[in-house]
Amino acid sequence: MTSNLPNATAVLVLGILSILGCCCYGIVGLICGIIGMVLAKKDMALYQQNPSAYNNYSNLNTGRILCIIGLILSVIYLIANIVLFAMYGLDGIQEMQQQWIEQMQNQR
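Calculation criteria
All residue numbers here refer to positions counted from 1 along the written sequence of the relevant chain. Per-residue local features are limited, in this predicted model, to residues with pLDDT of at least 70; the limit for side-chain atom pairs, both in listing and counting, is 80 or more; totals at the level of whole chains, interfaces and linings are taken over all residues. Calculation of side-chain values draws on the structure's entire complement of heavy atoms; hydrogens and water are dropped beforehand. Here a cavity denotes grid points, spaced 1 Å and computed from the protein atoms alone, that fit a 1.4 Å probe unable to get out, and a pocket denotes an open set having protein on both sides within 12 Å along at least 5 of 7 lines; residues with an atom within 4 Å of a point are the lining. Grid points are joined across faces, edges and corners, and a volume is the space filled by probe spheres set on the points. Residue classes follow a fixed rule: Ala, Val, Leu, Ile, Met, Phe, Trp, Tyr, Cys and Pro count as nonpolar, while Asp, Glu, Lys and Arg count as charged, and any other residue, Gly among them, counts as polar. Secondary structure elements follow DSSP: runs of H or I of four or more residues count as helices, runs of E of two or more count as strands, with numbering from the N terminus. Every helix has an expected span of 1.5 Å times one less than the residues it contains. Each residue is assigned to one of three classes by its accessible area relative to the maximum for its type, calculated with a 1.4 Å probe on protein chains only: buried under 20%, partly exposed between the two thresholds, exposed over 50%. When we speak of the arc, we mean the arc of directions from the helix axis to the C-beta atoms. Contacts are assigned to residue pairs with any non-hydrogen atoms lying within 4.5 Å of each other. Here the bend at a residue means the angle between the axes of two seven-residue stretches, the one that ends at it and the one that starts at it. To define a nonpolar core, start from buried Ala, Val, Leu, Ile, Met, Phe, Trp, Tyr and Cys residues and group those joined through side-chain atoms within 4.5 Å. By convention, a stacked pair of Phe, Tyr or Trp rings (six-membered ring in the case of Trp) has centres within 6.5 Å and planes under 30 degrees apart, an edge-to-face pair has planes over 60 apart, and any other such pair is tilted.

(A) Broad picture of the layout of surface pockets. Put simply, the largest pocket is a space of about 160 Å³. Considered class by class, the residues forming the lining of the largest pocket number seven nonpolar, three polar and no charged.

(B) Geometry of helix α1 (residues 8-20). The terminal C-alpha atoms of α1 lie 19 Å apart, and with 13 residues this matches the ideal 18 Å at 1.5 Å per residue to within 8%. The complete set of buried residues in α1 reads A8, V11, L14, G15 and S18. In a view along the axis of α1, the buried residues occupy a sector of 120°, so they form one face of it. Turned more than 90 degrees away from the buried face of α1, the exposed residues are T9 and L20. Contacts from the buried residues of α1 go to α2 (27-49) and α3 (57-106).

(C) Just α3, in detail. Across its 50 residues, α3 extends only 53 Å between first and last C-alpha, which sits more than 12% below the 74 Å expected from 1.5 Å per residue. Largest kink in α3: about 95°, centred on G89. Taken as a whole, α3 has its buried residues at L60, G63, L66, C67, G70, L71, S74, N81, G92 and I93.

(D) Focus on the nonpolar core. Among the nonpolar cores identified, the biggest contains 13 residues, and L5, V11, Y54 and L60 are the most heavily contacted of them. Leave out the neighbours within four places in its chain, and L5 touches D43, L46, Y47, Y54, N56, Y57 and L60.

(E) Structural detail: the packing of aromatic side chains. What the rule picks out here adds up to one aromatic pair. Ring geometry for Y47 against Y57: centres 4.2 Å apart, planes inclined by 20°, an arrangement best described as stacked. With Y47 in helix α2 and Y57 in helix α3, the pair connects residues that are ten residues apart, well separated along the chain. Residue classification places Y47 among the buried residues on the basis of a relative accessible area of 18%.

Written out as structure tokens, the structure reads:
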């Protein structure tokens, strides 16, 4: 009799959230991706002990791949934000945002 891996669905959801969360300054995606990778590692070790006992390894593998993609995107976005803050500072970024909002309002 086969059963599902305990964290496969959670890893899949965390992988999706890590990709979506990369837009939140990279922090949310980074957290979800790391948690997903830790859970995936535990389940992969469990699967390696007895592969015939579990039937949803494909969900686990898909979630792990999504976590990796989410981690990469989150790290890139986080580094870009750090560079942006280092170059312009908070006041410079707020000024650029205000100018962008004014330009969008003038186009209407």
